[in-house]
Amino acid sequence: MLLRLLGTALFAGFLVFIGALLPAALAMAAAMPQEEPGAGELMLSSGQGLARRALQLDASVHFQLSGLVAHVQLEQTFRNDSADWVEGEYMFPLPDNAAVNRLRLVVGERVIIGEIKEKQAARKIYQAAQRSGRKASLVEQRRPNMFSNKVANIGPGETVTVALSYIQRISYRDGQFSLRFPMTITPRYSPLGSSDADQVWQFLHPQPATPAEPVQSIRITAELDMGLPLASIDAPYHSLALTRQRQTYRLALAEGTVPMHRDFVLQWRPQSGSEPQAAVFHERVGAEEYALLMVLPPAADADASEPLPRELIFVIDTSGSMGGSSISQARASLDFALQQLRPVDSFNVIAFNNSASALFAAAEDANAHNLARAREFVRHLAAGGGTEMLSALQLALPAPPTPLGSDPSGVRPQKGHMSDVATRVRQVVFITDGAVGNETQLFQEIQRRLGKSRLFTVGIGSAPNSWFMRKAAEAGGGDFTFIGDVLEVQQQMQQLFDRLSQTLLADFQVDWPTTVETYPAQIPDLYPGQPLVISARSDASLLDSPVTISGRSAGKPWRRTLAISSPSAADARGHEGVSTIWARAKIASLLDQKALGANADITRAAVLPLALQHQLVSPYTSFVAVEQRPSRPAASALGKQAVPNLRPKGQSPQVYAYPRTASPARLQLLYGLILLVTACVFYRFHYWSWR
């Protein structure tokens, strides 16, 4: 009898234990972000809850390239092959500096033009149209480089085309123009408890191609008119067909279409002697004047003194998303970097996935013995596990001490073969695909810990998170580099090390003829070959007035004066898109301040009217297009379901890596422990009951 009472007491205690843990477990489950639709893929869902993938008839993107502005038209066409009325939903990436400013929804012969609305108002309009049976589309920004589109009430056999327009600034550095167009998503990892966790998806299941299921493909065309002769045009990851008429170049993919499993990059270089040293573009919108200014400062003095010794900290991502060709590129990049170190430098290597670990307890001299140890360490790195980047940042950027009388110059006294008065510049090189969802938390940590270090990012893989890579480098006062193929490693890393060893171009000032609002508001230091680019807005005329730019290069002053010339009579407004680029830059600046602690309500109050005025999708505005007449019978219901995206080219299958990388592992472990203890208690209770 006593044993039975003991068994009953144990069972009652176990029930109390489960009752205490269950709310926490449910809270953890609720906190897990849900899966989102895949990149560039439309899911059709019927009222019966049976989802099927839409047959993609066509996808195309066209780039109109002129000066420093790209006008882009992206179209994706889908057909509903089912016998049901369905709703479609898909997610797609865009460049992180894209300003989405137009939406068209084409269903059959009907064209529905989208309108920009406050985000919640746009959702209500879409939901009302959805319930009433009217066709509608809703485009929302999920992240600065990630957008979603919902299409309601697609009839049986109907074809739907979603057409988006956006504007972006063309990049120019080291004498080369370039543009990057992302086409798929590298699944992101968000640590549980991070402030970004409710804004992002924990994981997407990349979908491998199968013979029974067509791979998504896209047509890419471009028209390039730079107003100057070009020496070369190249797409490093795709083959191009090229025609030319005077100085206008028309480009298309040689294959016609390509799978949407890696970024498209277009690069072009002017002929020697025609490289732009300065350019200025103007647009008038109503009573406001806008300008886009680019100036290339002079190269650093080749006779400048030998660069200071450096303390280089290499951080390499070995998480599951780096599997396949990405980890090979990362190892090759780091191995090349180690070979560039000089005997006067010191270094360390940090690898991270679920946790971060350093090769040495502290930075060691770059002698033959230590370099051999490091290269052997790098050769054995393998991909797997989560992407806990925060721990790696904390290890690479220890909070700088500020003792009384410390040197504020940012260079650190070193011990060892150098005298105590010798100094080293501290530089951190971060090699990763950026597959994280807690970007805000990471930016804040960089700002808090950076001190006098400088952070350089190296983007790896077919579809890196370019927004995170660029913003992390900006926050770290460094620069970013992309490596999309192992054959690019030596060239790209050599250019990075050239920048690491050169003197910064600094102390920039721009004197405008009138009061202007410019972005970036504070001009950053630049590296040789990197242009100064500024967007400006004024209520007064900027035309035919001098603009003076000054700064210091290798300690020597320099100055340049430009004038914004009047546009031709045929185009009195000027260069279309300049005002949009300024508005996008201001919105990005306001959101950066919010990420660093600015009041969220104040930020929203500043961004919302700006996005509405310039017709831009933002975190607070969305495009919605609604057909006026109902087309779906009232009896038909609608559902929705997430779809996978194409796995980035070269990435290894993530069947096991992604559950390790981003699944609710702690929650599953808790469930397993509960079930195990339950089994043990019932077994013991049953055993003593029959004794």
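Just so it is clear, the model here is predicted, and its values are computed rather than measured.

By the bridge criterion, 5 bridges tie strand β14 (residues 217–225) to strand β17 (residues 248–253) in an arrangement that is antiparallel. Each bridged residue has a counterpart across the sheet, and for T221 the counterpart in β17 is A252. Taken together, strand β16 (residues 240–245) and the strand that follows it, β17, pair antiparallel across an intervening segment of 2 residues, in which R246 is found at a positive phi of about 55°.

It is worth spelling out the packing of helix α5 (residues 389–396) against helix α6 (residues 439–449) at this point. Look at α5 against α6: their axes get within 10 Å of each other, and the N-to-C directions meet at 10°. Viewed along their axes, α5 and α6 adopt a mutual orientation that is roughly parallel. Facing α5, whose interface residues are M389, L390, L393 and Q394, α6 presents Q441, L442, E445, I446 and R449. Of the residues in the contact of α5 with α6, the class split is 5 nonpolar, 2 polar and 2 charged.

By the secondary structure assignment, Q76 is in strand β4 (residues 69–79). Take Q76: its relative accessible area is 2%, and that puts it in the buried class. Only 3.3 Å separates the side chain of Q76 from the side chain of Y90, close enough to count as a polar contact.

The next subject is helix α4 (residues 368–379). An ideal rise of 1.5 Å per residue puts 16 Å on 12 residues; α4 measures up with 17 Å between its terminal C-alpha atoms. When α4 is considered as a whole, its buried residues turn out to be N370, L371, A374 and V378. For α4, the arc enclosing every buried residue in end-on projection is 95°, short of the 170-degree limit, so these residues lie on one face. For α4, exposure combined with an orientation more than 90 degrees from the buried face picks out A368, H369 and R379.

On to the sheet that holds strand β34 (residues 556–563), then. The antiparallel open sheet is built from 3 strands, whose spatial order is β30-β33-β34. Edge positions in the sheet fall to β30 (505–511) and β34, since each of these pairs with one other strand and no more. With strand direction ignored, the average angle separating the axes of adjacent strands in the sheet is 15°.

Here 4 strands make up an open sheet; going across it, the order is β20-β21-β32-β31 and the pairing antiparallel. Of all the strands in the sheet, the pair left with one neighbour each is β20 (278–285) and β31 (517–519). Within this sheet the neighbouring strands show an average axis-to-axis angle of 15°, counted without direction.

Per the counting criterion, the structure on display carries 16 aromatic pairs. For the ring pair F92 and F147, a centre distance of 6.0 Å and an interplane angle of 15° mean the geometry is stacked. One end of the pair, F92, is in strand β5 (residues 86–93); the other, F147, is in strand β10 (residues 146–154), and 55 residues separate them in sequence. Here F92 falls in the buried class, since its relative accessible area comes to 2%. Looking at F147, the relative accessible area reads 1%, which means it is buried. A ring pair is formed by F443 and F468, whose centres lie 5.7 Å apart and whose planes are at 20°; its orientation type is stacked. A residue pair is termed long-range when its members are at least 10 positions apart, and F443 in helix α6 and F468 in helix α7 (residues 466–475) qualify at 25 residues. Here F443 and F468 have matching classes, each one buried. Aromatic ring contacts, followed pair by pair, group F63, F181 and F264 into a single cluster.

About the thresholds
- Each chain has its residues counted from 1, following the order in which its sequence is written.
- Where totals are concerned, whole chains, interfaces and linings use all residues; where local detail is concerned, this predicted model gives features only for residues with pLDDT of at least 70, and gives and counts side-chain atom pairs only at 80 or more.
- Side-chain metrics in this entry use all non-hydrogen atoms of the structure; hydrogen atoms and water are not considered.
- At least two bridges found by DSSP between two strands is the condition for calling them paired.
- The way it works is that DSSP assigns letters per residue, a run of H or I at least four long becomes a helix, a run of E at least two long becomes a strand, and they are numbered from the N terminus.
- To get an axis, a line is fitted to the C-alpha atoms, and for a helix only the part in contact is used. The angle between two axes follows their N-to-C directions and goes from 0 to 180 degrees.
- With respect to orientation, any angle under 35 degrees is reported as roughly parallel, any angle over 145 as roughly antiparallel, any angle of 65 to 115 as roughly perpendicular, and every other angle as oblique.
- Should any heavy atoms of two residues lie within 4.5 Å, those residues are counted as being in contact.
- Each residue receives one of three labels: charged for Asp, Glu, Lys and Arg, nonpolar for Ala, Val, Leu, Ile, Met, Phe, Trp, Tyr, Cys and Pro, and polar for the others, Gly being one of them.
- Burial classes: relative accessible area under 20% of the type maximum marks a residue as buried, over 50% as exposed, and values in between as partly exposed (1.4 Å probe, protein chains only).
- Under this definition, polar contacts are N or O atom pairs within 3.5 Å; protein pairs additionally need one hydrogen-donor-capable and one acceptor-capable atom, and for neighbouring residues in sequence, both atoms have to be side-chain atoms.
- An expected span of 1.5 Å times one less than the residue number is assigned to each helix.
- Directions pointing from the helix axis toward each C-beta atom define the arc.
- Working definition: a ring pair exists when centres of Phe, Tyr or Trp rings (six-membered ring for Trp) sit within 6.5 Å. Plane angles under 30 degrees give stacked, over 60 give edge-to-face, the rest tilted.

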